[in-house]
Amino acid sequence: MTYSIVARDKESGHYGVAVASRFFAAGAVVPHLAGGVGAIATQALVSPIYGTDGLALLRTGTSAQDVIDTVVARDEGSHSRQIHLIDAEGRAAAFTGEKCIDWCGHLVGDHVTVAGNMLAGPQVLDAAMETYQANTALPFEERLLAAMEAAEAAGGDKRGRQSAALKIVHDQDHPWLDIRADDHGDPLAELRRLHAVAQERYLHFAELMPTRENIHGLLDRTEIDRKIADLEAERKKTGRASASFATSVD
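Remember, predicted model here, so these are calculated numbers, not experimental data.

Calculation rules
- Residues numbered from 1 in each chain as written.
- Predicted model: local features only at pLDDT ≥ 70, side-chain atom pairs only at ≥ 80, totals over all residues.
- Heavy atoms only, no water.
- Helix = DSSP H or I, 4+ residues; strand = E, 2+ residues; numbered from the N terminus.
- Rg over C-alpha atoms; globule rule 2.2 N^0.38 Å.
- Buried < 20%, exposed > 50% of the residue type's maximum accessible area, 1.4 Å probe, protein only.
- Contact = heavy atoms within 4.5 Å.
- Areas by Shrake-Rupley, 256 points an atom, 1.4 Å probe, with all protein chains shown as cover.
- Lys, Arg positive; Asp, Glu negative; His and termini not counted.
- Charge placed at Lys NZ, Arg CZ, Asp CG, Glu CD.
- Axes fitted to C-alpha atoms, helices over the stretch in contact; angles between N-to-C directions.
- Parallel < 35°, antiparallel > 145°, perpendicular 65-115°, else oblique.
- Left-handed = near helix turned anticlockwise from the far one by under 90°.
- Nonpolar A, V, L, I, M, F, W, Y, C, P; charged D, E, K, R; others polar.
- Pairing = 2+ DSSP bridges.
- Phe/Tyr/Trp six-rings, centres within 6.5 Å; stacked < 30°, edge-to-face > 60°.
- Lys NZ or Arg CZ within 6 Å of the ring centre and 35° of its normal.

Engineer: Even after reading the chapter, I still don't get the overall build of the protein, so can you show me in this structure?
Structural biologist: Secondary structure summary: the protein contains seven helices and ten strands in total. The C-alpha radius of gyration of the protein comes to 18 Å, within 12% of the 18 Å expected for a compact globule of 250 residues. Looking at the protein as a whole, 55% of its 250 residues are labelled buried. Contacts in the protein between residues far apart in sequence, at least 24 positions, make up 56% of those at least 6 positions apart. Carbon together with sulfur atoms contributes 51% to the accessible area of the protein, which is approximately 10800 Å² in total. Seen as two clouds, the 25 positive and the 36 negative side-chain charges of the protein have centres 2 Å apart.

Laid out in structure tokens, this is it:
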């Protein structure tokens, strides 16, 4: 009862999942991501185990298709589930169970996959894929949002709208951006609003948080404020979001 996009930015290696549904809090159960590992969306008669166990398999170097083969083969309910994902090598794969509700299906592209069920028709996924692939000049998170908006304009979930989410990881396990509209009359518009708020300060601060490579992060509050101001000035100058900047502080 959902449509979603899973993608890997080829330039940066960052992963993202965006999802929308006429279902409460789809962002709580659909997206599963880890930096340098991969990204998964699990939906339809959703099994969060596809996400948690799928990430565990990806950490061992299992390919995207082999992850699907593994989680589907052991699940008696796989006929009613969807999963699509991208692994550490950028390989994408997808599965739609034969009992998922029409219209349902998936598309697999270069470092991107889209899937949905209970949709207005195949044009929903076509619009998402075409929009994502056509907007390579946009920052990664904006490409994902644009793809979801195009899918909604093409009909989206045929039951209506309720929730949406956008989650992005850089090279860490914790998300660089994780925004959700769990119960909203226009959830994708709410994601746009939250993204704009995040750009004011949060995404700049996210660039300065501790990482595995720099476990302390940046501790000097004066220096944090200065760097945030520098990042914001650079964003305004280039017209791009801070996704183009590094994810750790030397």
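This is not the end of the story, as more comes after the structure.
Engineer: Help me understand unusual backbone geometry in this model?
Structural biologist: Peptide bonds are trans in most cases, and residues, glycine excluded, mostly fall at negative phi. Cis rather than trans, the peptide bond between Asp 102 and Trp 103 has omega equal to -10 degrees. Relative to the helices and strands, Trp 103 is located in the loop between β6 (92-96) and β7 (105-109). Phi angles above zero are rare outside glycine, and Ala 25 is one such case at about 55 degrees. Mapped onto the fold, Ala 25 is located in the loop between β2 (15-21) and β3 (31-34). A positive phi is found at His 111, a non-glycine position, where the angle reads about 65 degrees. Its place among the elements puts His 111 in the loop between β7 and β8 (112-116). Overall, the relative accessible area of 13% leaves His 111 in the buried class.

Engineer: In this structure, what is going on with the packing of helix α1 (residues 48-59) against helix α2 (residues 64-73)? I would like to understand it.
Structural biologist: Each pair of packed helices can be described by the angle between their axes along with the distance between the axes. For the pair α1 and α2, the least separation of the axes is 10 Å and the interaxial angle reads 135 degrees. By the angle between their axes, α1 is oblique relative to α2. α1 and α2 meet at a crossing whose hand is right-handed. Packed against α1, whose contacting residues are Tyr 50, Gly 54, Leu 57 and Leu 58, the element α2 presents Val 67, Thr 70, Val 71 and Val 72 at the interface. Residues of the contact of α1 with α2, tallied by class, amount to six nonpolar, two polar and no charged.

Engineer: Got a minute to help me understand the pairing of β6 in this structure?
Structural biologist: Side-chain positions along a regular strand alternate between the two faces of the sheet. Within β6, four of the five residues are buried, which leaves it mostly tucked inside the rest of the structure. Two strands pair when backbone bridges link them, and strand β5 (residues 81-86) and β6 are joined in this way by five bridges, in the antiparallel orientation. Note that in β6 the partner of Ile 86 across the bridge is Ala 92. Linking two consecutive strands that pair antiparallel, namely β5 and β6, is a turn of five residues; a positive phi of about 85 degrees is found at Gly 90 within it.

Engineer: Is there a simple way to think about the packing of aromatic side chains in this case?
Structural biologist: Two numbers describe a pair of aromatic rings. These are the distance of the centres and the angle of the planes. One pass over the full model with this rule turns up zero aromatic pairs. Over the ring of Tyr 132 we find Arg 143, and its NZ or CZ is 3.8 Å from the ring centre.

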